Number of protein chains: 2
Amino acid sequence: MEKKAVVVLSGGLDSTTCMGIAKDAGYELYPLTFYYGQRHNREVEQAKKIADFYGVPAHRLVNLDFLGQIGGSALTDTNIEVPVVQANAADEEEIPATYVPARNMIFLSLAVAYAEVVGAEVIYIGVSAVDYSGYPDCRPEFIRSMNETVHLATKAGAKGTGIRIEAPLAHLSKKETIEWGLALGVPYELSTSCYQGGAEACGECDSCRLRLKGFAEAGVKDPISYQKG
Amino acid sequence: MEKKAVVVLSGGLDSTTCMGIAKDAGYELYPLTFYYGQRHNREVEQAKKIADFYGVPAHRLVNLDFLGQIGGSALTDTNIEVPVVQANAADEEEIPATYVPARNMIFLSLAVAYAEVVGAEVIYIGVSAVDYSGYPDCRPEFIRSMNETVHLATKAGAKGTGIRIEAPLAHLSKKETIEWGLALGVPYELSTSCYQGGAEACGECDSCRLRLKGFAEAGVKDPISYQKG
């Protein structure tokens with residue numbers, strides 16, 4: 001039987017790269033995409049195309065409207081404005097308005113339930129603490145602690161078979177991520193990063209800036225369309 | 001400003017006791033009830049009545065249909081039969097069919113997001129590893145590890161203000177839980193424990209047996225109705 005991996009797939013550059021990495025590691029892919037009251041649904045639509053590209057046996061969409069209902073983030077609450085420039089917030093030790101409370105802990109908890117049910121041994125998540133926005137739940141120490149908690153929380157852990165969380169991009173810059181992904185044939189033209197979620201990326205939000213910087217440093221043209229440049 | 005607590009409220013005996021404990025500790029209560037494809041909705045209805053009893057400012061219901069859709073538990077998957085007798089599964093080091101994959105990790109992750117948004121400093125959850133069904137995510141070591149992960153995952157943790165998870169029943173028998181709850185005036189007549197979810201409790205499932213044993217040991221009559229006895 002083929003070994004299986006659950007992939008947390010947002011449709012962004014990092015999670016799309018994780019699809020390629022998990023595939024390359026010989027896994028059958030079970031992507032999971034969360035629907036959590038983002039201001040736009042473009043991420044979900046692109047995630048579907050990426051799942052199709054990889055010919056996955058199943059692509060699950062998970063309704064987490066609750067996160068939108070409680071608000072608390074510029075990404076889910078229309079009363080909070082998405083900041084135009086906040087890149088390198090990490091340098092300032094400040095957590096930006098686009099932080100969604102406990103997001104990765106929630107995503108990973110649900111991914112663990114799914115992994116137990118389909119019999120996957122690993123969960124891939126595209127977090128990175130390099131060239132990132134300063135979210136606490138993107139740091140390697142969070143992933144390490146989460147792995148311990150997962151081990152204690154699950155039947156698989158109790159039986160010693162275990163489910164582990166892999167964050168292969170944790171220590172990579174965007175440039176390095178993109179170079180790895182291109183070598184694996186990752187379809188970046190299907191990925192979407194812009195917080196504004198238009199058909200063309202804004203090129204100005206934190207997420208666009210980090211992405212553009214990565215492609216520039218890799219010396220490759222970003223295949224998606226931008227409003228400017 | 002009154003200090004706030006999120007309470008994971010299933011409508012069962014333990015979580016109802018936690019409402020009383022949190023209230024007694026001086027917290028304004030923000031109960032959270034999860035809707036996750038249980039075979040019956042009685043728990044949710046009773047949880048609403050319990051929230052009303054305590055006059056809470058808000059009672060949030062969280063849709064987690066995903067857990068029902070993926071199945072994997074006798075409580076959410078109609079293809080798996082709820083075992084009639086499985087009490088003391090913990091003694092046999094076996095995890096019962098009623099285990100829901102990663103349930104408490106998922107509930108607590110979402111409770112953390114809610115706590116961050118409403119500004120609660122604590123989350124109460126009624127897990128216990130005494131007189132329990134052998135679920136791995138009811139053990140104190142899971143709660144301890146989850147607290148560390150929460151600290152690393154959140155803005156509150158990063159700022160040092162923190163959100164902590166309290167499991168006040170962790171080391172209590174059902175008898176001790178009931179005695180504490182009765183002293184606090186907890187409305188056990190509104191709570192529901194039976195896995196079958198009928199208007200009258202079956203009195204035979206694992207959950208009913210643990211509950212009846214607790215009331216018997218406390219020397220008090222259980223105020224809810226049973227089909228037998």
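Cut-offs used in this document
- Counting starts from 1 at the beginning of each chain's written sequence and moves along it residue by residue.
- Written order determines the labels here, with chains lettered from A and ligands numbered from 1.
- Where local features are concerned, this predicted model is filtered to residues with pLDDT of at least 70; where side-chain atom pairs are given and counted, the filter is 80 or more; whole-chain, interface and lining totals use all residues.
- Neither water nor hydrogens contribute to the side-chain values; these are computed over all heavy atoms in the structure.
- UniProt positions are given in the numbering used here, feature names are shortened, and annotations may be inferred rather than shown by experiment.
- Helix and strand definitions here come from DSSP, where helices need a minimum of 4 consecutive H or I residues and strands a minimum of 2 consecutive E residues; each element is numbered from the N-terminal end.
- In this analysis, the expected span of each helix is defined as 1.5 Å times one less than the number of residues it contains.
- The classification of residues rests on relative accessible area computed with a 1.4 Å probe and restricted to protein chains. Under 20% of the type maximum is buried, over 50% is exposed, and intermediate values are partly exposed.
- Throughout, a contact is declared for two residues whenever any of their heavy atoms are within 4.5 Å.
- Strands are treated as partners if at least two bridges between them are detected by DSSP.
- Interaxial angle, 0 to 180 degrees, is taken between N-to-C directions of lines fitted to C-alpha atoms, where a helix line uses only the stretch in contact.
- What sets the superposition is a least-squares fit of C-alpha atoms, and only residues with pLDDT of at least 70 in both copies go into it.
- Each of two parts loses accessible area, computed with a 1.4 Å probe, when they are put together; buried area is these two losses added.
- Should a side-chain nitrogen of Lys or Arg be within 4 Å of a carboxyl oxygen of Asp or Glu, the pair is scored as a salt bridge.
- Pairs of N or O atoms within 3.5 Å make up the polar contacts considered here, provided that, within protein, one atom can donate a hydrogen while the other can accept it, and that residues adjacent in sequence are counted only when both atoms are side-chain atoms.
- Three classes are used: nonpolar for Ala, Val, Leu, Ile, Met, Phe, Trp, Tyr, Cys and Pro, charged for Asp, Glu, Lys and Arg, and polar for all others, with Gly counted as polar.

In the annotation of an unreviewed UniProt entry, the entry for chain A reads 7-cyano-7-deazaguanine synthase, and the organism field reads Aneurinibacillus aneurinilyticus ATCC 12856. Under the heading Subunit (unreviewed entry), UniProt records this for chain A: "Homodimer." In UniProt, chain A has this text filed under Pathway (unreviewed entry): "Purine metabolism; 7-cyano-7-deazaguanine biosynthesis."

**Student:** Give a detailed account of helix H1 (residues 13-24) of chain A, specifying residues and quantitative values.
**Tutor:** Residues and elements named next belong to chain A. Over its 12 residues, H1 extends 17 Å from the first C-alpha to the last, a length consistent with the 16 Å expected when each residue adds 1.5 Å. The element H1 is extensively covered by neighbouring structure, given that 10 of its 12 residues are classed as buried. Looking only at H1, the buried set comprises Leu13, Asp14, Ser15, Thr16, Thr17, Cys18, Met19, Gly20, Ile21 and Ala22. Elements in contact with the buried residues of H1: strand E1 (4-8), strand E2 (28-35), helix H2 (42-53), strand E4 (122-124), helix H7 (174-183) and helix H8 (206-218). Positive phi appears at Gly26, one or two residues downstream of H1, with a value of about 90°.

**Student:** Provide a residue-level description of the sheet that holds strand E3 (residues 60-63) of chain B, including the pertinent values.
**Tutor:** What holds strands together in a sheet is hydrogen bonding between their backbones, with the strands either parallel or antiparallel. Residues and elements named next belong to chain B. Taken together, the five strands give an open sheet; going across it, the order is E3-E2-E1-E4-E5, and neighbouring strands pair in parallel fashion. Because the sheet does not close on itself, it has two edges, and the strands there are E3 and strand E5 (164-166). Shown here is a sheet whose adjacent strand axes are inclined to one another by a mean of 25°, direction ignored. For strand E2 (residues 28-35) and E3, the ladder comprises four bridges, and the chain directions are parallel. Residue pairing in the sheet places Tyr35 in a bridge with Asn63 of E3. Lying over the sheet, helix H1 (residues 13-24) contacts strand E1 (4-8), E2 and strand E4 (122-124), oriented at roughly 170° with respect to E1.

**Student:** Give a description of the relation of the copies chain B and chain A that names residues and reports values.
**Tutor:** It takes a turn of 180° to lay chain B on chain A, together with a shift of 0.0 Å along the axis; the resulting RMSD is 0.0 Å. The superposition operator between the copies reduces to a two-fold rotation axis. Minimal C-alpha distance to the rotation axis in chain B is attained by Ile106 of chain B, lying at 3.1 Å. Here 100% of the contact residues of chain B are again contact residues in chain A; the copies associate through an equivalent surface.

**Student:** Give a description of the interface of chain B and chain A that names residues and reports values.
**Tutor:** If you look at the interface, chain B gives 40 residues, while chain A gives 40 residues. Across the interface of chain B and chain A, roughly 3,400 Å² is buried in total on both sides, 72% from carbon and sulfur atoms. The largest per-residue losses of area from chain B upon contact with chain A belong to Phe66, Met105 and Leu152 of chain B, which jointly make up 18% of the total buried on that side. Applying the counting criterion to the chain B and chain A interface returns zero salt bridges. If you look at where chain B meets chain A, you find eight residue pairs in polar contact (both at pLDDT 80 or more). Within the residue set of the side of chain B that touches chain A, elements represented by two or more residues are E3, helix H3 (65-70), helix H4 (103-118), helix H5 (140-153) and helix H6 (155-158) of chain B. Classifying every residue of the side of chain B that touches chain A gives 25 nonpolar, eight polar and seven charged.

**Student:** Tell me about the UniProt feature "binding site: ATP" (unreviewed entry) in chain A, and name the residues and values.
**Tutor:** Residues and elements named next belong to chain A. Per the UniProt record, the feature "binding site: ATP" (unreviewed entry) sits at Leu9, Ser10, Gly11, Gly12, Leu13, Asp14, Ser15, Thr16, Thr17, Cys18 and Met19. Along the chain, Leu13 turns up in helix H1. With relative accessibility at 3%, the residue Leu13 sits in the buried group. Discounting chain neighbours no more than four positions away, the residues touching Leu13 are Lys174, Thr177, Ile178, Tyr188, Ser191, Thr192, Ser193, Arg211 and Phe215. Classification of Asp14 as buried rests on a relative accessible area of 17%. For Asp14, the residues in contact, after removing those within four places along its chain, are Gly126, Leu169, Lys174 and Thr177.

**Student:** Talk me through the sheet that holds E1 of chain A; I want residue IDs and the actual numbers.
**Tutor:** Residues and elements named next belong to chain A. An order of E3-E2-E1-E4-E5 is seen for the five strands of this open sheet, with the pairing classed as parallel. Each of the sheet's edge strands pairs with one partner strand only, and the pair in question is strand E3 (60-63) and strand E5 (164-166). Neighbour-to-neighbour, the strand axes of the sheet open up by a mean angle of 25°, direction not taken into account. Across three bridges, E4 lies against E5 in parallel orientation. Opposite Val122, over in E5, you have Arg164 as the bridge partner.

**Student:** Requested: an account of the UniProt feature "binding site: Zn(2+)" (unreviewed entry) in chain A, with residues and values cited.
**Tutor:** Residue and element names in this part refer to chain A. Residues annotated by UniProt as "binding site: Zn(2+)" (unreviewed entry) correspond here to Cys194, Cys202, Cys205 and Cys208. The exposure class of Cys194 is buried, given its relative accessible area of 4%. Relative to the helices and strands, Cys205 is located in the loop between H7 and H8.

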